[in-house]
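# Descriptive analysis of the structure
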Amino acid sequence: MNENKLLEIKNLTIQYKTDNGLVHAVNDLSLSLKKGESLGLVGETGAGKTTTALGIMNLVPDPPGIIIGGEIQFEGSDLLKLSKQNMRKVRGEKISMVFQDPMTSLNPVMTVGKQIAESVRIHETLSRKEAEQRAVDVLEMVGIPGERFNEYPHQFSGGMRQRVVIAIALACRPDLLIADEPTTALDVTIQAQVLDLIANLKKEQQSSLIMITHDLGVVAEVCEKVAIMYAGRLIEYGTLDDIYNHTRHPYSIGLFSSIPSIDGDEERLRPIPGLMPDPINLPKGCSFWPRCNRATENCKRAVPALIESDPDHWVRCIHIDKAGFFEKNAVSKKTDTSRNESITHTKDTDVEIDSSKLEESLASG
Amino acid sequence: MSTLLEVRDLKKYFKTPSGTVHAVDGVSFSIEEGKTLGVVGESGCGKSTLGRTVIRLLQPTAGAILYDGRDISSPSKEELKALRREMQMIFQDPFSSLNPRMTVKDTILEPMEIHRLYDGDRTKQSESVLDLMDTVGLARRLADSYPHELDGGRRQRIGIARALALEPRFIVCDEPVSALDVSIQAQILNLMQDLQEEKNLTYIFITHDLSVVKHISDKICVMYLGQVVEMCHSKTLFKQQYHPYSQALLSAIPLPKVGVTRKRILLRGEISSPIDPKPICRFASRCPHAKPICFEKEPNLVHVKDQHYVACHLQKEGQPYELPLPEDTVEIENK
Ligand SMILES: Nc1ncnc2c1ncn2[C@@H]1O[C@H](COP(=O)(O)OP(=O)(O)OP(=O)(O)O)[C@@H](O)[C@H]1O
Ligand SMILES: Nc1ncnc2c1ncn2[C@@H]1O[C@H](COP(=O)(O)OP(=O)(O)O)[C@@H](O)[C@H]1O
Ligand code: SF4
Ligand code: SF4
Ligand SMILES: [Mg+2]
Ligand SMILES: [Mg+2]
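Within chain A one finds ten helices and twelve strands. Expressed as a percentage of its 365 residues, the buried residues of chain A come to 55%. Here chain A has roughly 15,700 Å² of accessible surface; of this, 49% comes from carbon and sulfur atoms.

In structure tokens, the structure reads:
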């Protein structure tokens, strides 16, 4: 394994066994992260982002979750093979996770200050007094006055709670911080404070970061690498520049044209038609084909491989060749997307899509 | 173009054990027929309360609401019933606002029954339901499904169809796309724009997403702790903010772009409480531009220029003051 690599996930597959069937939450996912690097894990609800993070932490709820296969190499060992006790040590000392809902990781009957002090003491041998002083410092570092040390989580606003959770994660000085949508529930002015905090941690402690989000703005601000997931699979991976300026995968292109721009003047958005597929019943072949304006019969045959379209820029689409171009024979169809909701259930011939953004991007690539 | 709705000095207070919450505290604005007023502001600033009070789901504490020229702040029972047809609301969480035991069809049908549309003719009502399903892009085969069987985007379409059932002129949309994924959000935003154009609908569009509000609104009002702090044409706000809170708010939006740098204003200080607020500027505790006077009296909303209104002691009637960048900023660089 490369010296520089902190984390390497290989062929990770995770499923949930439910009454309705088997949920294919994460399918054959491979990713790596260097020391000090920040990766944005992007995708819409249900794409498998949280499950991937739980996989890394070895915290997939079992039942119903099962890790079917794969490896997670971290500092020389496979996390999936560690004993419970060793894994707990890794979670305490090396990897911290900020969960989507801050309330789940705070103890409602213990004061905020005490909770921080306790987690500091797990990592360093400090007297109770010293640990409490550190907790006050940590609170102030996240913009909460030290005198609120003795308050309980429910006395804090949502934004303050989220900052406390992040403060606890940071107080542990992790080698790897996994933040699962840490700012999704926050107002933008509070989000700005939290992002500033995370940026400082990166700078001061050289921590690596996996930032899970569906906000492409947040990713552009804090990450260097981006991985886009769709239906449990990685569909595009590269640097910020690769993903934002040389977007290749039709789904990624669709995501970018779905968000209203703050500095442009578009009259109409160009959404991706249709809906996310049911993860219990994924379409055969490329799971994006029922919504894809570039789909051909070949797309329905087998899951496309990840192709390195440019150096270190990976795309999972059969029509993208090694030079990053769309094959000429790939058919495109015309259309309006706004009202048609039943696309996933109809033939793709009903689908009409505005493909100008795609053409544009292909022309520029 | 005519004004459909005008609100003057509207107040809505809630009495609680710890004091009186000034959820909406002296809000004035007007909306022209067929247009959209966007309302933005942080969580708890009174957006939903404003929307509910305007369409008379809540009784205002004080102030006037003029709808189509008539004051509807204390309507008779008859008037209220008529208003219920003309004014509708679409909610943020389409799940909790839909009855789980009612099918899609019955959900859309119910308001027609209550208001005895088509003289109570069931066949005509049912036809109308199917037409509405077409209009909002719900497949007719889903008519007998229950909300829990459907995804968020479809549930929001049911909410929209139900709101349209009585052919309203005016709709308060309370965070209608906030719970949706971006690809579905874009589908719903396009639908709402199309409906507005076809039916000449007037919207109040509540959201905390600034790029959404910019996209959909003609006019925007920025709220802070129950009050309007800045109001102007939608495009103008994104070019020039005259209120320190709006300035900070806009600087805080993360841009989905690489190779851009900009200065961000980080707000420090505690958010003031909406409970029995002191008669001073409510933003003063966090405001990087605050002066002594800001802690002494409340600023009024003044017209600085071209339909641009601001409530800040730094701004004078007809004399817009261009806010400098405060000292406490961080440089944001998207590499
Ligand atoms: N029924 C009520 N009783 C007491 N206080 C209330 C009530 N409804 C709202 N409030 C308070 O009024 C203020 C405004 O609430 P409102 O729900 O209008 O905010 P909002 O801007 O819609 O927030 P969000 O973005 O979180 O939806 C808040 O302080 C809230 O706690
Ligand atoms: N505990 C669970 N039991 C059953 N299914 C689950 C569970 N957790 C997640 N899933 C399913 O796994 C898929 C991926 O979910 P998740 O990892 O939470 O995605 P994301 O974080 O990207 O929204 C979804 O279809 C979700 O419904
Ligand atoms: S493989 Fe086919 S269906 Fe999948 S993204 Fe590429 S063109 Fe679209
Ligand atoms: S009135 Fe004073 S405190 Fe309030 S926004 Fe203006 S400058 Fe800031
Ligand atoms: Mg998640
Ligand atoms: Mg609200």
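What follows covers the overall build of chain B. Helix and strand content of chain B: nine helices and 14 strands. For chain B, the C-alpha radius of gyration of 21 Å lies close to 20 Å, the compact-globule estimate for 335 residues. In chain B, buried positions account for 57% of the 335 residues. Restricting to contacts in chain B with at least 6 residues of sequence separation, those with at least 24 account for 64%.

Before going further, it helps to examine the site of ligand 3. Around ligand 3, the neighbouring residues are His-249, Pro-250, Cys-286, Trp-289, Cys-292, Arg-294, Ala-295, Cys-299, Pro-304, Cys-317, Ile-318 and His-319 of chain A. Among the residues forming the shell around ligand 3, the class breakdown is nine nonpolar, two polar and one charged.

Residue and element names in this part refer to chain B. Summed over the entire model, instances satisfying the criterion amount to 29 salt bridges over all chains. With its nearest N and O atoms 3.6 Å apart, the salt bridge here joins Arg-140 to Asp-131. Of the charged contacts in the structure, one is a salt bridge between Asp-134 and Arg-140, with a shortest N-O distance of 2.8 Å. Judged by relative accessible area, which is 38%, Asp-134 ranks as partly exposed. Judged by relative accessible area, which is 41%, Arg-140 ranks as partly exposed. Via salt bridges that share partners, Glu-33, Asp-68, Glu-86 and Arg-169 belong to a single interconnected network.

The next subject is the site of ligand 1. Residue and element names in this part refer to chain B. Around ligand 1 there are 14 residues in total, and Ser-43, Gly-44, Lys-47, Ser-48 and Thr-49 lie nearest to it. Separating an oxygen atom of ligand 1 from a backbone N or O atom of Cys-45 is a distance of 3.2 Å. In isolation ligand 1 exposes 640 Å². Once the protein is present, 63% of that is buried. Elements that contribute at least two residues to the shell around ligand 1 include exactly strand 1 (3-16), strand 2 (19-32) and helix 1 (47-54). Tallying contributions element by element places helix 1 first for the shell around ligand 1, with three residues.

It is worth spelling out the interface of chain B and chain A at this point. With 52 residues of chain B at the interface, the matching set in chain A holds 46 residues. Both sides of the chain B and chain A interface together cover about 4,200 Å² of buried area, and 52% of this is carbon and sulfur. Counting every contact that joins chain B to chain A gives 16 residue pairs in polar contact (both at pLDDT 80 or more). For the side of chain B that touches chain A, the secondary structure elements donating two or more residues are helix 5 (152-164), helix 6 (182-199), helix 7 (210-216), helix 8 (234-239), helix 9 (244-251), strand 11 (260-265) and strand 14 (329-334) of chain B.

Attention shifts here to helix 9 (residues 250-258) of chain A. For helix 9 of chain A, the tally of buried residues reaches nine of nine residues, placing the bulk of the element in the interior. If you check which residues of helix 9 of chain A are buried, you get Pro-250, Tyr-251, Ser-252, Ile-253, Gly-254, Leu-255, Phe-256, Ser-257 and Ser-258 of chain A.

With that out of the way, let us pick up the side chain of Asp-78 of chain A. All names here are of chain A. Residue placement: Asp-78 occurs in strand 5 (residues 77-78). The buried category is assigned to Asp-78, whose relative accessible area is 9%. One polar contact links the side chain of Asp-78 to the main-chain amide nitrogen of Ile-72, over a distance of 3.0 Å. In this structure the side chain of Asp-78 is engaged in a polar contact, spanning 3.0 Å, whose partner is the backbone nitrogen of Leu-80.

Okay, the sheet that holds strand 5 of chain A next. Residue and element names in this part refer to chain A. If you trace the four strands from one edge of the open sheet to the other, you get 2-1-4-5, paired in antiparallel fashion. Of all strands in the sheet, those bounded by a partner on one side alone are strand 2 (21-34) and strand 5. In this structure, strand 1 (residues 5-18) lies alongside strand 4 (residues 65-74), joined through eight bridges in antiparallel fashion. Bridging from a neighbouring strand, Leu-7 pairs with Phe-74 of strand 4. Helix-sheet contacts for helix 1 (residues 49-56) involve strand 1, strand 2 and strand 4, and the interaxial angle to strand 1 is about 115 degrees.

This part takes up the pairing of strand 3 (residues 36-40) of chain B. All names here are of chain B. By the criterion of burial, strand 3 is predominantly enclosed, with five of the five residues buried. Summarising the sheet, strand 3 and strand 9 (residues 219-224) pair through four bridges and their orientation is parallel. Paired with Val-40 across the strands is Val-222, a residue of strand 9.

Quick look at the nonpolar core now. Ile-116, Val-164, Met-211, Val-226, Ile-228, Tyr-244 and Tyr-251 of chain A are the most contacted members of the largest nonpolar core, which totals 62 residues. Ranked by residues supplied to this core, first place goes to helix 5 (residues 158-171) of chain A with nine residues. What Tyr-251 of chain A contacts, discounting residues up to four positions off in sequence, is Glu-44, Ile-228, Met-229, Tyr-230, Ile-235, Ile-272, Met-276 and Phe-288 of chain A. Core analysis: the second largest hydrophobic core is formed by 41 residues, Ile-108, Leu-109, Val-129 and Ala-186 of chain B among them.

So, on to the pairing of strand 10 (residues 227-233) of chain B. Residues and elements named next belong to chain B. Across the seven residues of strand 10, six count as buried, placing the element largely inside the fold. The pairing of strand 9 with strand 10 spans six bridges and is antiparallel. Bridging across to strand 10, Ile-220 finds its partner in Cys-232. Between the antiparallel neighbours strand 9 and strand 10 lie two residues, among them Leu-225 with a positive phi of about 40 degrees. Of the strand pairs in this sheet, strand 10 and strand 13 (residues 308-311) are connected by two bridges, and their pairing is antiparallel. Each residue of the ladder has a partner; that of Glu-230, found in strand 13, is Val-310.

The next subject is helix 6 of chain B. Helical periodicity: at 3.6 residues per turn, an α-helix aligns residues three or four positions apart in one direction. All names here are of chain B. For helix 6, which comprises 18 residues, the first-to-last C-alpha distance of 26 Å matches the rise-based estimate of 26 Å (1.5 Å per residue) to within 8%. Of all the 18 residues making up helix 6, 15 are buried; the element is thus mostly covered by neighbouring parts of the structure. Remark: Asn-200 follows helix 6 within two positions and exhibits a positive phi of approximately 55 degrees.

Residue and element names in this part refer to chain A. The sheet built from eight strands is open, its strands ordered 6-7-8-3-9-10-12-11 with mixed pairing. The two strands at the open ends of the sheet, each matched to only one other strand, are strand 6 (95-98) and strand 11 (307-310). Between one strand axis and the next, the sheet turns through 20 degrees on average, direction left out of account. Both strand 11 and strand 12 (residues 313-315) contribute to a ladder of three bridges, which runs antiparallel.

Quick look at unusual backbone geometry now. Put simply, Asp-62 of chain A and Pro-63 of chain A share a cis peptide bond, and its omega is -10 degrees. A cis amide bond links Pro-63 of chain A to the next residue, Pro-64 of chain A, at an omega of 5 degrees. Residues other than glycine seldom take positive phi values, yet Arg-56 of chain B does so here, at roughly 70 degrees. Tracing the backbone through its elements, the reader meets Arg-56 of chain B in the loop between helix 1 and strand 4 (62-67). Unusually for a residue other than glycine, Glu-167 of chain B sits at a positive phi of about 50 degrees. Here Glu-167 of chain B falls in the exposed class, since its relative accessible area comes to 63%.

With that settled, the discussion passes to the confidence of the model for chain A. Here chain A averages 84 in pLDDT, while 87% of its residues score no lower than 70. Confidence drops under pLDDT 50 across residues 331-365 of chain A; counting only partners more than four residues distant or on other chains, this segment forms 86 contacts.

Scoring rules and cut-offs
Residue positions within a chain follow its written sequence, with the count starting from 1. Chains carry letters and ligands carry numbers; both start at the beginning, A for chains and 1 for ligands, and go up in the order they are written. Reporting in this predicted model follows two pLDDT cut-offs: at least 70 for local features of residues, and 80 or more for side-chain atom pairs to be given and counted; totals over whole chains, interfaces and linings ignore these cut-offs and use all residues. Where side-chain values are given, they derive from all heavy atoms of the structure, hydrogens and water being excluded. Strands are runs of DSSP state E lasting at least 2 residues, helices are runs of H or I lasting at least 4, and numbering of each runs from the N terminus. Per-residue accessibility, obtained with a 1.4 Å probe over protein chains only, is compared with the maximum for each type, and a residue is labelled buried under 20%, exposed over 50%, and partly exposed between these values. Note on areas: these come from Shrake-Rupley sampling with a 1.4 Å probe, and a residue is covered only by the protein chains present in the view. Computation of the radius of gyration draws on C-alpha atoms, with the globule rule given as 2.2 Å multiplied by the number of residues to the power 0.38. Contacts were defined at the residue level, with two residues in contact if any of their heavy atoms lie within 4.5 Å. A single heavy atom is enough: if one lies within 4 Å of a molecule or strand, its residue is considered near that molecule or strand. Each residue gets one of three labels, nonpolar for Ala, Val, Leu, Ile, Met, Phe, Trp, Tyr, Cys and Pro, charged for Asp, Glu, Lys and Arg, and polar for the others, Gly among them. Salt bridge, as applied in this entry: a Lys or Arg side-chain nitrogen positioned within 4 Å of an Asp or Glu carboxyl oxygen. By the criterion applied in these results, polar contacts are pairs of N or O atoms within 3.5 Å in which, for protein atoms, one can donate a hydrogen and the other can accept it, and in which residues neighboring in sequence qualify only through two side-chain atoms. In short, buried area is how much 1.4 Å probe accessible area vanishes from two parts on joining, totalled over both. Two strands make a pair as long as DSSP finds a minimum of two bridges between them. Axes here mean lines fitted to C-alpha atoms, for a helix over just the part in contact, with angles spanning 0 to 180 degrees between N-to-C directions. Definition of nonpolar core: a set of buried residues of the types Ala, Val, Leu, Ile, Met, Phe, Trp, Tyr and Cys, connected through side-chain atoms within 4.5 Å. In this scheme, a helix's expected span is set at 1.5 Å multiplied by one less than its residue total. The pLDDT value tells you how sure the predictor is about a given residue, anywhere from 0 up to 100.

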